[in-house]
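Overview (structure and organization)
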Amino acid sequence: GPGKDDEQEETMRRIQTRGTLWGTLIPVFLILASLFPLLSPSFAHSQDQTVTFRWAFGTLIDEGLTLRLEPIREDRSMKSGDHFKMMVEPRTRCFVYVIYHNSQGEMIRLFPYSLEQFPAGFELNKRYYIPQGERWFELDTHPGRETFYLLASARRLVELETLLKTYESADPEKKPDLTTQILAQIRTERLLHREFAESAERPVAIGGAIRGIEKAQGENRQSIDPIAEVISSTTGFYAKTFTIEHQ
């Protein structure tokens, strides 16, 4: 009868409406599903984000008439007057940090040269020397323990950068507390990535005393490029600590 036909037509309209609604929602759902990993905090860990860069850390050994270039990779003895230099060359889009903690408790950002350098001024396959140009750091006569932190990440370490900026503009009496916070942040970053690390991270002890390392003394035209090695991590993060002891 007419009543039954009207009922069937109404049912068909509802089915068509639902079909149209699902036809609209399914593409939206698929788009959101594809974006979800980008919104997830664990995205950096769940994806293969390779961090690759060339790194050199070398010293010039004065042998009288000649200077011998040696890489700094393991325990060694260094004496006052020895020179050393570093080099960073990014091969993939990544953010590399070199932070120096001296025996007097001071924190010095050696790289990047400026935190504003990221990301616009950070070029792939470009060699960045520490210190810049042809200058070399020179070990002075004061004994003590100095520590270098090398960190590389597929993402900017914003929290660490913020602490470094605050430290650099802080009053002297506030710096000890900020130093503690910076060291804690470095430990936090390492712990966050520890389960994804390719190998165990342990401090590498080397010899030498570098008070006032921020003052590059003298110039030497010898390049450290020949001792550079490629460092690559598929976890999106790399960290290594070099501890220098005067002997």
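Residues numbered from 1 in each chain as written. Predicted model: local features only at pLDDT ≥ 70, side-chain atom pairs only at ≥ 80, totals over all residues. Heavy atoms only, no water.

1. Observations regarding the packing of aromatic side chains
For the structure on display, the rule yields 12 aromatic pairs. With a centroid separation of 6.1 Å and an interplanar angle of 70 degrees, the aromatic rings of Phe 53 and Tyr 238 are classed as edge-to-face. With Phe 53 in strand E1 (residues 51–62) and Tyr 238 in strand E11 (residues 237–245), this pair connects stretches of sequence that are 185 residues apart. The same class applies to Phe 53 and to Tyr 238, which are both buried. Centre to centre, the rings of Trp 55 and Phe 242 are 6.2 Å apart; their planes meet at 25 degrees, and the pair counts as stacked. Of the two residues, Trp 55 is situated in strand E1 and Phe 242 in strand E11; the sequence distance between them amounts to 187 residues. For the pair shown, Trp 55 and Phe 242 are each scored as buried. Ring pairs connect the aromatic residues Trp 55, Phe 57, Phe 84, Tyr 100, Phe 137, Phe 148 and Phe 242, which therefore count as one cluster. (Phe/Tyr/Trp six-rings, centres within 6.5 Å; stacked < 30°, edge-to-face > 60°. Helix = DSSP H or I, 4+ residues; strand = E, 2+ residues; numbered from the N terminus. Buried < 20%, exposed > 50% of the residue type's maximum accessible area, 1.4 Å probe, protein only.)

2. Notes on the side chain of Arg 54
Note that Arg 54 resides in strand E1. Only 2.6 Å separates the side chain of Arg 54 from the side chain of Glu 89, close enough to count as a polar contact. A polar contact of 3.5 Å, which involves the side chain of Arg 54, links it to the backbone oxygen of Asp 225. Setting aside chain neighbours within four positions, we find Arg 54 in contact with Met 87, Val 88, Glu 89, Arg 91, Arg 127, Asp 225, Ala 228, Glu 229 and Val 230. (Polar contact = N/O pair within 3.5 Å; in protein donor to acceptor, adjacent residues only side chain to side chain. Contact = heavy atoms within 4.5 Å.)

3. Remarks on the environment of Glu 116
Along the chain, Glu 116 turns up in the loop between strand E5 (107–111) and strand E6 (128–130). Between the C-alpha atoms of Glu 116 and Glu 161, which are 45 residues apart in sequence, the distance is 10.0 Å. Within the structure, the side chain of Glu 116 is placed 2.9 Å from the side chain of Ser 114, a separation counted as a polar contact.

4. Concerning the packing of helix H3 (residues 158–169) against helix H4 (residues 175–194)
The geometry of H3 relative to H4 is characterised by a closest axis approach of 10 Å and an angle of 165 degrees between their N-to-C directions. In terms of orientation, H3 lies roughly antiparallel with respect to H4. When you trace H3 past H4, the crossing you get is left-handed. Taken together, the residues of H4 that come into contact with H3 (itself represented by Glu 159, Leu 160, Leu 163, Leu 164, Thr 166, Tyr 167 and Glu 168) are Lys 175, Leu 178, Thr 179, Gln 181, Ile 182, Gln 185, Ile 186 and Glu 189. Counted by class, the contact of H3 with H4 contains seven nonpolar, four polar and four charged residues. (Axes fitted to C-alpha atoms, helices over the stretch in contact; angles between N-to-C directions. Parallel < 35°, antiparallel > 145°, perpendicular 65-115°, else oblique. Left-handed = near helix turned anticlockwise from the far one by under 90°. Nonpolar A, V, L, I, M, F, W, Y, C, P; charged D, E, K, R; others polar.)

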